[in-house]
Amino acid sequence: WWWIVGCVLVAAAAAFVVSSLMAPTYEAASIVIITEPRYQMEFDPRIATVDQWQPAYQAFPELAASDHVLQSVLQAYQPSPDARIDQWKLGTLKPLVDATSQGDPSLVKLKVACPCPGDAAGIANAWADQLVRRGNEIYSEGEDDVTFFAGQVGQAEQTLDEAEQALIEFQA
């Protein structure tokens, strides 16, 4: 039993020494929620709009880890010297990040592990922003759609005002 106690003490001491020498790693996470689109365009009344929109939930973690999204994170965020990242490139960023969708498939959890807590949070937030931007480009309305709908609202307001004026004139 002396050998067992001795081996346990030696293993504990070795684990303590190794963990003391290792640099701390901080983890930050961002969560992206995938929602249904606000608008469904109907170009022709003969083409029916689908009532139940089923997004490709399994594609979002893969999209988050794609080279295109991670490359945009590289351009959007510059780590501090405290992060001890020699070269800020795709090969350096990929081991630091992990995208998962556990439980609710409409939630994508983006985790970043980095030696600097500020950079871990900064990278996670920049990654979430870039994923949302790219997801909207692919699956949702873009800036052109917003401009189109704003024009439609203006045109509808003008038509309503004209119809109200015509009603007032008719009643008079």
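Residues numbered from 1 in each chain as written. Predicted model: local features only at pLDDT ≥ 70, side-chain atom pairs only at ≥ 80, totals over all residues. Heavy atoms only, no water.

### Details of the overall build of the protein chain
Okay, so step 1: The helix and strand tally for the protein chain stands at six helices and three strands.
Okay, so step 2: Helices (α) and strands (β) of the protein chain occur, in sequence order from the N terminus, as α-β-α-α-α-β-β-α-α.
Okay, so step 3: Within the span of the protein chain, comprising 172 residues, buried residues form 24% of the whole.
Okay, so step 4: In the protein chain, once contacts between residues fewer than 6 apart in sequence are set aside, the share between residues at least 24 apart is 68%.
Okay, so step 5: Carbon together with sulfur atoms contributes 58% to the accessible area of the protein chain, which is approximately 12,400 Å² in total. (Helix = DSSP H or I, 4+ residues; strand = E, 2+ residues; numbered from the N terminus. Buried < 20%, exposed > 50% of the residue type's maximum accessible area, 1.4 Å probe, protein only. Contact = heavy atoms within 4.5 Å. Areas by Shrake-Rupley, 256 points an atom, 1.4 Å probe, with all protein chains shown as cover.)

### Section: the nonpolar core
Okay, so step 1: Counting 29 residues, the largest nonpolar core has Leu93, Val97, Leu110, Ile123, Trp127 and Leu131 as the members making the most contacts within it.
Okay, so step 2: Ranked by residue count, the leading element in this core is helix α5 (residues 117-139), at seven residues.
Okay, so step 3: Residues in contact with Trp127, not counting those within four places in the same chain, are Ala64, Ala65, Val69, Leu70, Val73, Val97, Asp98, Ala99, Leu110, Lys111 and Val112. (Core = buried A, V, L, I, M, F, W, Y, C linked by side-chain atoms within 4.5 Å.)

### As for the side chain of Thr100
Okay, so step 1: Looking at the element boundaries, Thr100 is found in strand β2 (residues 97-100).
Okay, so step 2: The class of Thr100 is buried, set by a relative accessible area of 17%.
Okay, so step 3: Excluding residues within four positions of it along the chain, Thr100 makes contact with Pro61, Leu107, Val108 and Lys109.

### What about the state of the cysteines?
Okay, so step 1: Inspection of every chain in the model, using the stated rule, returns zero disulfides.
Okay, so step 2: As a non-bridged cysteine, Cys114 has Cys116 as the owner of its nearest cysteine sulfur, 6.1 Å distant.
Okay, so step 3: Residue class for Cys114 comes out buried when judged on its relative accessible area of 0%.
Okay, so step 4: With a relative accessible area of 11%, Cys116 lands in the buried category. (Disulfide = S-S within 2.5 Å.)

### Description of α5
Okay, so step 1: Here α5 is 23 residues long and its end C-alpha atoms lie 32 Å apart, about the 33 Å a rise of 1.5 Å per residue gives.
Okay, so step 2: All of the buried residues in α5 are Asp119, Ala120, Gly122, Ile123, Ala124, Ala126, Trp127, Ala128, Gln130, Leu131 and Gly135. (Expected span 1.5 Å × (residues − 1).)

### Let's talk about the pairing of strand β3 (residues 107-114)
Okay, so step 1: Going residue by residue along β3, you find Val108, Leu110, Val112 and Cys114 tucked away on one face and Leu107, Lys109, Lys111 and Ala113 left uncovered on the opposite face.
Okay, so step 2: Pairing geometry for strand β1 (residues 26-33) and β3, over eight bridges, is antiparallel. Counterpart to Ile31 in the pairing with β3 is Lys109.
Okay, so step 3: Counting the residues that bridge the hairpin from β2 to β3 gives six residues, and of these Gly103 lies at a positive phi of roughly 75°. (Pairing = 2+ DSSP bridges.)

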